[in-house]
Amino acid sequence: MVAGANVGAVVLLLLLCVFLRSDAIWLSLPTTGTKCVSEEIQSNVVVLADYVVISDDHVHSTPTISAKVTSPYGNTLHHQENVTHGQFAFTTTEGGNYLACFWGEGHNTGGGDISINIDWKTGIAAKDWDSVARKEKIEGVELELRKLEGAVEAIHENLLYLKSREAEMRTVSETTNARVAWYSLMSLGVCIVVSVAQIFHLKQYFQKKKLI
């Protein structure tokens with residue numbers, strides 16, 4: 001029983017590491033180009049991200065960029081222009097791919113690509129656990145257990161989301177198959193009707209010409 005409990009604890013810790021992750025992304029952005037990052041996120045999930053331009057050029061000023069974040073339905077959630085750093089935070093209201101695009105301003109001096117560091121957090125990874133610990137006066141093992149509880153809830157919600165997406169895809173597939181079947185039957189019916197009409201027309205033509 002003890003060994004089983006230890007294995008369960010290890011599994012929960014591994015899942016916690018997965019769901020308490022913070023994705024650090026580096027982008028090499030051309031001065032006149034655009035690059036985007038995206039993530040598929042379910043609804044009612046907190047998203048928090050910081051981005052900053054990294055520059056080792058001490059001669060020229062730090063290049064500026066513009067950033068825009070859009071929802072799966074094209075709603076603008078964040079938009080900044082001519083900045084060297086920024087932050088966006090929102091709670092998703094719809095499931096799907098959330099897109100964050102960055103582009104350089106054409107007047108940047110110094111030339112070359114622009115390096116951007118993006119710290120992207122979602123779900124319980126975006127939660128301020130320090131504030132939670134201070135507010136509820138918990139620490140140590142109790143705080144870690146609270147994080148594990150949050151991770152388990154996130155896993156459960158993610159599984160439900162995946163299940164709903166699978167059901168949607170299955171419904172779409174079944175609907176498409178039914179439409180293809182009806183289209184095939186209609187096409188076959190049209191072909192039969194056209195063939196019969198052609199035969200009838202040719203028979204009348206040959207009879208008129210007294211060929212038969």
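Reading the values: the criteria
- Residues numbered from 1 in each chain as written.
- Predicted model: local features only at pLDDT ≥ 70, side-chain atom pairs only at ≥ 80, totals over all residues.
- Heavy atoms only, no water.
- pLDDT = per-residue confidence, 0-100.
- Contact = heavy atoms within 4.5 Å.
- Patch = residues over 30% accessible without salt bridge, like charges linked within 9 Å, V, L, I, M, F, W, Y side chains within 5 Å.
- Areas by Shrake-Rupley, 256 points an atom, 1.4 Å probe, with all protein chains shown as cover.
- Salt bridge = Lys/Arg side-chain N within 4 Å of Asp/Glu carboxyl O.
- Helix = DSSP H or I, 4+ residues; strand = E, 2+ residues; numbered from the N terminus.
- Core = buried A, V, L, I, M, F, W, Y, C linked by side-chain atoms within 4.5 Å.
- Buried < 20%, exposed > 50% of the residue type's maximum accessible area, 1.4 Å probe, protein only.
- Phe/Tyr/Trp six-rings, centres within 6.5 Å; stacked < 30°, edge-to-face > 60°.
- Pairing = 2+ DSSP bridges.
- Axes fitted to C-alpha atoms, helices over the stretch in contact; angles between N-to-C directions.
- Disulfide = S-S within 2.5 Å.

Let's shift gears to the confidence of the model for the protein. Per-residue pLDDT for the protein has a mean of 79; in total, 78% of the residues score no lower than 70. Within the model, pLDDT remains below 50 along residues 1–21, and this stretch shows 19 contacts once partners closer than five positions in the same chain are excluded.

What follows is about a nonpolar patch on the surface. Taken together, the side chains of Leu202, Tyr205, Phe206 and Leu211 make up a nonpolar region of the molecular surface, amounting to roughly 390 Å² of accessible area. Its place among the elements puts tyrosine 205 in helix 3 (residues 140–208).

Okay, the nonpolar core next. With 22 residues, the main nonpolar core has Tyr51, Ile65, Phe88, Phe102, Ile116, Ile118 and Trp120 as its most contacted residues. At the level of elements, strand 1 (22–29), strand 2 (34–41), strand 3 (46–54), strand 4 (65–70), strand 6 (85–91), strand 7 (96–104) and strand 8 (114–122) are the ones that each hand at least two residues to this core.

Scanning the entire structure with this criterion turns up six aromatic pairs. Here the aromatic rings of tyrosine 51 and phenylalanine 102 are separated by 5.3 Å at their centres, their planes lie at 65°, and the arrangement is edge-to-face. Here tyrosine 51, found in strand 3, pairs with phenylalanine 102, found in strand 7; they are 51 residues apart in sequence, far enough to count as distant. For tyrosine 51, a relative accessible area of 1% corresponds to the buried category. On the basis of relative accessibility, which here comes to 1%, the residue phenylalanine 102 falls in the buried class. On the numbers, 5.7 Å between centres and 25° between planes, the contact of phenylalanine 90 with tyrosine 98 is stacked.

With respect to topology, four strands assemble into an open sheet ordered 2-7-4-5, the strand pairing being antiparallel. In the strand order of this sheet, the two ends are held by strand 2 and strand 5 (76–83), each with one partner. Between one strand axis and the next, the sheet turns by 10° as a mean value, whatever way the strands run. Bridging between strand 2 and strand 7 involves eight bridges; their strand directions are antiparallel. Along strand 7, the bridge assignment pairs cysteine 36 with cysteine 101.

Inspection of the entire model under this criterion finds one disulfide. Each disulfide pairs two cysteine sulfurs, and for cysteine 36 the partner residue is cysteine 101, the sulfurs being separated by 2.0 Å. Across the disulfide from cysteine 36 to cysteine 101, rotation about the S-S bond amounts to roughly 105°, and the bridge is consequently right-handed. Residue cysteine 36 is located in strand 2, and its partner cysteine 101 is located in strand 7; the two are separated by 65 residues in the primary sequence. On the basis of relative accessible area, cysteine 101 is assigned to the buried category, the value being 13%.

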